[in-house]
Amino acid sequence: MWLLLPIIAYSAIFLYVRHIYSYWRRKRFPSEHTSLSWQFLTLAYQREFRHVEAICEAYQEGRDRLFGIYCFFRPVLLVRQPQLALSILQQSNGHFTESKWDYVKGYRRFNLLEKLSPMFSTKRLSAMFINAQHVADHMMQYLAKREEQGLLELDLQHLMRIYAVNIIGNLVYGLDVNNFVQRDHILNSYVLHPSQYGGLQSFTLRGIPQKSSLTYRLIDIIKNNVEKREENGIIRKDMLQLLVKFRNGNDLSSDKWQIEHAIEEDKLMCIKRLAKVAEDLMHSALDGIASTITLTLYEIAQQPLIVEKLQTEIKELNLKDGQLAFEQLMGLKYMDMCVKETLRKYPPVPIIERVCRKRYTLPGSKLRIGEGKTLMVPLLAIQRDGRYFSEPLKYKPLRFLHNQPDGGEGQQCPSVIASFGIGGAQCVAQNFAKMVIKLALVRLLQSYDLELDASAMVEVSHLPAPFITSPDGLKIQLKAREILRQSNYRKCSI
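Residues numbered from 1 in each chain as written. Predicted model: local features only at pLDDT ≥ 70, side-chain atom pairs only at ≥ 80, totals over all residues. Heavy atoms only, no water.

Student: Help me understand helix H17 (residues 430–447) in this model?
Tutor: Because an α-helix completes one turn every 3.6 residues, residues spaced three or four positions apart along the sequence face the same direction. With 18 residues, H17 should reach 26 Å at 1.5 Å per residue; the first-to-last C-alpha distance of 26 Å fits that figure. For H17, the tally of buried residues reaches 14 of 18 residues, placing the bulk of the element in the interior. (Helix = DSSP H or I, 4+ residues; strand = E, 2+ residues; numbered from the N terminus. Expected span 1.5 Å × (residues − 1). Buried < 20%, exposed > 50% of the residue type's maximum accessible area, 1.4 Å probe, protein only.)

Set out below in structure tokens:
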């Protein structure tokens, strides 16, 4: 009798696992072959701890526009065609929205991202630009001090993470923070990338909300700054000011920065929820900003003609007293192409993942994805697919010359794909990210030439955002530039 119990238990587990791994076959989706072999279990391990690379490999294995795979015990539907992915994410009517941005206040239910999107309009960003310039000034002052000391070889990745943390501190948390000098500030804890703490980077555990002592300290910072602005009428043109306006039910689409106070019962968000929004904005923007600047500089440092064209474009702005205007920054077309090419080759969000919130019929078919099932768009794999981009592993900014990427093998990929997400999964803060990315590039290229150590081994991994995992980071030599008296701009086919 006792011998039957483990047999029954093992049989039940076996049948349960087999039932999970036959999900896509039962639903008549094209899918990978599954078994409880050592090879398949190894694949499950890779999808847990080398998630981005493993999903890209699954994309290569599939041939259909939809392909069912399994991540550990989760059935996942890969969308392999960019036009289909765009259609699903743009026209799914709430089937695949992120639940973390849902908010309920009394009888009102709304999506926070949709409500907060006016924060990132051109007129709002133009007003915030002066604060972003102060952060760039801090970076240039830090580099000037290193230049005086003869220390202009540095880890560019580390420099850009400090810059990104300072941007978030100044514009999201409303702090005049300078982590180039204030090494003991709480936000300095975010300068190190999570991978640098060691340990396994589990895909499943990464999705579990985690709280630390830093979270509670950030809540205290938000509470202190919100109280100052609500009670003392302090106005600072940053994102926190707009979050406080939203908390008080003010219209964010207007030009006003003053807060029209609401009674406590009518406020849309409590301090704790507002702090959570600020922390989510920090986590979603920090890695993307730092990695995009770092990898843009890494790529152009290997192609001096690109650097020359960018420096000439900057010089032709004829800056007054060295001050850059917001409109001038937005008008840098060749720099726009370089940033787009970096986002294509190294997307900050390499895989867009959404959970189906209610049963959905996929466009152009009778197939349905059930509630609770995961849909993935392997953005990194699509953007490195030779069918959509010719010579996908080469860095070629001019592929975006006509605002439409070149198509490999006669096919075209939507230009929106090479950006911060696609369709309904596009980052609402992408204009803000591009502003601070281009600002850093302008200030660095205006003052310095880049010299990359050709013998250095640079390894880029996705955790999930691209990150240089080489032991020394990205060592680069900055050489102070003399002001060029005449343009030696050369047209080329880069």
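Student: Just to check I follow, could you spell out the nonpolar core for this structure?
Tutor: Proteins that are soluble and globular tend to have nonpolar side chains buried together. Met 139, Leu 143, Tyr 163, Tyr 173 and Phe 432 are the most contacted members of the largest nonpolar core, which totals 151 residues. Sorting elements by how many residues they give to this core places helix H12 (residues 271–301) first, with 17 residues. (Core = buried A, V, L, I, M, F, W, Y, C linked by side-chain atoms within 4.5 Å.)

Student: Teacher, can you tell me more about a positive patch on the surface here?
Tutor: A surface patch of like charges, here positive, comprises Arg 18, Arg 25, Arg 26, Lys 27, Arg 359 and Arg 368. Among the secondary structure elements, Lys 27 is positioned in the loop between helix H2 (23–26) and helix H3 (38–49). The exposure class assigned to Lys 27 is partly exposed, which follows from its relative accessible area of 39%. (Patch = residues over 30% accessible without salt bridge, like charges linked within 9 Å, V, L, I, M, F, W, Y side chains within 5 Å. Areas by Shrake-Rupley, 256 points an atom, 1.4 Å probe, with all protein chains shown as cover. Salt bridge = Lys/Arg side-chain N within 4 Å of Asp/Glu carboxyl O. Lys, Arg positive; Asp, Glu negative; His and termini not counted. Charge placed at Lys NZ, Arg CZ, Asp CG, Glu CD.)

Student: Hey, could you run me through the side chain of Arg 344 in this one?
Tutor: Note that Arg 344 resides in helix H15 (residues 333–345). Residue classification places Arg 344 among the buried residues on the basis of a relative accessible area of 0%. Reaching out from Arg 344, the side chain makes a polar contact with the side chain of Glu 341 at a distance of 2.9 Å. (Polar contact = N/O pair within 3.5 Å; in protein donor to acceptor, adjacent residues only side chain to side chain.)

Student: Before we go on, may I ask you to explain the sheet that holds strand E1 (residues 66–71) in this structure?
Tutor: Within a sheet, adjacent strands bond to each other through the backbone by hydrogen bonds, running parallel or antiparallel. Strands sit in the order E1-E2-E9-E6 across an open sheet of 4 strands; the sheet is mixed. Both edges of this open sheet fall to E1 and strand E6 (352–355), since each of them pairs with a single strand only. In this sheet, neighbouring strand axes are inclined to one another by 30 degrees on average, regardless of whether the strands run parallel or antiparallel. By the bridge criterion, 4 bridges tie E6 to strand E9 (residues 374–377) in an arrangement that is antiparallel. Counterpart to Val 355 in the pairing with E9 is Thr 374. Seen against the sheet, helix H4 (residues 51–61) touches E1, strand E2 (74–79) and E9 and runs at an angle of roughly 145 degrees to E1. (Pairing = 2+ DSSP bridges. Axes fitted to C-alpha atoms, helices over the stretch in contact; angles between N-to-C directions. Contact = heavy atoms within 4.5 Å.)

Student: What is the right way to look at the pattern of salt bridges in this model?
Tutor: If charged atoms from side chains of opposite charge come close, those side chains can pair. In the structure shown here, the tally under the stated rule is 20 salt bridges. Between Asp 287 and Arg 161 there is a salt bridge, with the nearest N and O atoms lying 2.9 Å from each other. With Asp 287 in helix H12 and Arg 161 in helix H8 (residues 156–171), the pair connects residues that are 126 residues apart, well separated along the chain. The pair Asp 287 / Arg 161 is uniform in exposure class, with both members buried. Taking the shortest distance from any N to any O, the salt bridge between Glu 391 and Lys 394 comes out at 3.1 Å. The class for Glu 391 is partly exposed, based on a relative accessible area of 40%. Judged by relative accessible area, Lys 394 falls into the partly exposed class, the value being 47%. Several salt bridges share partner residues, and in doing so they unite Glu 230, Arg 247, Glu 264 and Lys 267 into one network.

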